[in-house]
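Inside the fold
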Amino acid sequence: MPRGRMVAKMAESEASKKSCNVCGKSNPKYQCPGCERKSCSLACVKCHKKQFLCSGARCKTKFISVGNFTDRDFLSDYRFLEDVDRLAFTASHDSQRSWKQWGPEASLLRRKAKESGVKLKLMPVGMSKRKENSSKFDKASKCVMWRVRWLFPQAGMECVDNRISELTIMRDALMKYIDSKKADPVHKQSLKNYNAIGVQGMSVFLRVEPLPASKLRFYQLDISRSIKECLAGKLIVEFPTFHVVLPSKVTSYPTMDHKETCDNNAGSVNGEEKEFSVASIPVKEKCAEACQDECI
């Protein structure tokens, strides 16, 4: 390369260092902590982020040679280690803090559910099921208003009642979805195989908690009773999920016998859940693969 051209290129490079790396017109005022490009205005800062796909955040783990390592870099690394230590400490105490962040309404719900005979387990704050739960204790009617999830596995459909009184009869609650006269037209069409049989022919199951998926068990509920009566003596995680099953699929849902029910109830003392062992429980019926696909 001729000497004149080399000098011109060096001069151009020096000029670019003294001008904005985006527009190239004005003197730079800002330097990006992430890519170290210089810009002259807020518009150029935003433009460089889009053009170079830069987040604008400094990379705390970027390699810096010993020769270029300064006191500023040392302080940056020290603060980074402090942040890591703080996050580790927070994570170790997160579960304890989460339980305290339920709030008065959730604590009241748990207490009133216990009075109704329901062992209600609330998830830590931030869990999706905790966010979804719209259940509450209604002080006016003095009863628990449950969020209820209805699963219709043979139709591949799920319906949700955000708040339904615990005093509601299960049959009446189902008639909203399975009834030739009262059901919504959309539900009626989607659940036509259920509507063909009617509410009286349905079987409703509630999954036993806290059994693993490999040891699925269900409570078969009496739809002539109220939700409160059906949930009494059972462990519920956040809110109940009822499986509405056609007569031909009832055998795919293994139920708890009397001994298993007693053992499961013994797994809770003073409202606090103990670890429930299922190793000694004989499996009379294996849950069909289709049932696992529908219910897990």
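Residues numbered from 1 in each chain as written. Predicted model: local features only at pLDDT ≥ 70, side-chain atom pairs only at ≥ 80, totals over all residues. Heavy atoms only, no water.

Per an unreviewed UniProt entry, the chain goes by Box C/D snoRNA protein 1 and derives from Acropora cervicornis. Database annotation for the chain, UniProt heading Sequence similarities (unreviewed entry): "Belongs to the BCD1 family." As stated in UniProt under Function (unreviewed entry), the record for the chain gives "Required for box C/D snoRNAs accumulation involved in snoRNA processing, snoRNA transport to the nucleolus and ribosome biogenesis." (UniProt positions renumbered as here; feature names shortened; annotations may be inferred.)

1. Some points on the nonpolar core
By size, the foremost hydrophobic cluster in this structure holds 42 residues, and its most contacted members are W146, W150, F152, M170, L174, I178 and F242. With 5 residues, strand 5 (residues 143–152) is the single largest residue contributor to this core. If you look at the next biggest cluster of nonpolar residues, it comprises 5 residues, including L216, F218, V245 and Y253. (Core = buried A, V, L, I, M, F, W, Y, C linked by side-chain atoms within 4.5 Å. Buried < 20%, exposed > 50% of the residue type's maximum accessible area, 1.4 Å probe, protein only. Helix = DSSP H or I, 4+ residues; strand = E, 2+ residues; numbered from the N terminus.)

2. With respect to the UniProt feature "domain: HIT-type" (unreviewed entry) in the chain
Following the UniProt record, the feature "domain: HIT-type" (unreviewed entry) maps to residues 20–54 here. The distance separating the terminal C-alpha atoms of residues 20–54 is 16 Å; by composition the span is 29% helix and 11% strand.

3. Details of helix 2 (residues 42–51)
Along an α-helix, a turn takes 3.6 residues, which lines up residues three or four apart on a common side. The complete set of buried residues in helix 2 reads C44, V45 and H48. Viewed along the axis of helix 2, the buried residues span an arc of 105 degrees, placing them on a single side of the element. Seen from the buried face of helix 2, the exposed residues on the opposite side, beyond 90 degrees, are L42, A43, K46 and K50. Along its buried surface, helix 2 packs onto strand 1 (30–31) and strand 2 (38–39). Backbone geometry just after helix 2 places L53 at a positive phi near 50 degrees. (Arc of directions from axis to C-beta. Contact = heavy atoms within 4.5 Å.)

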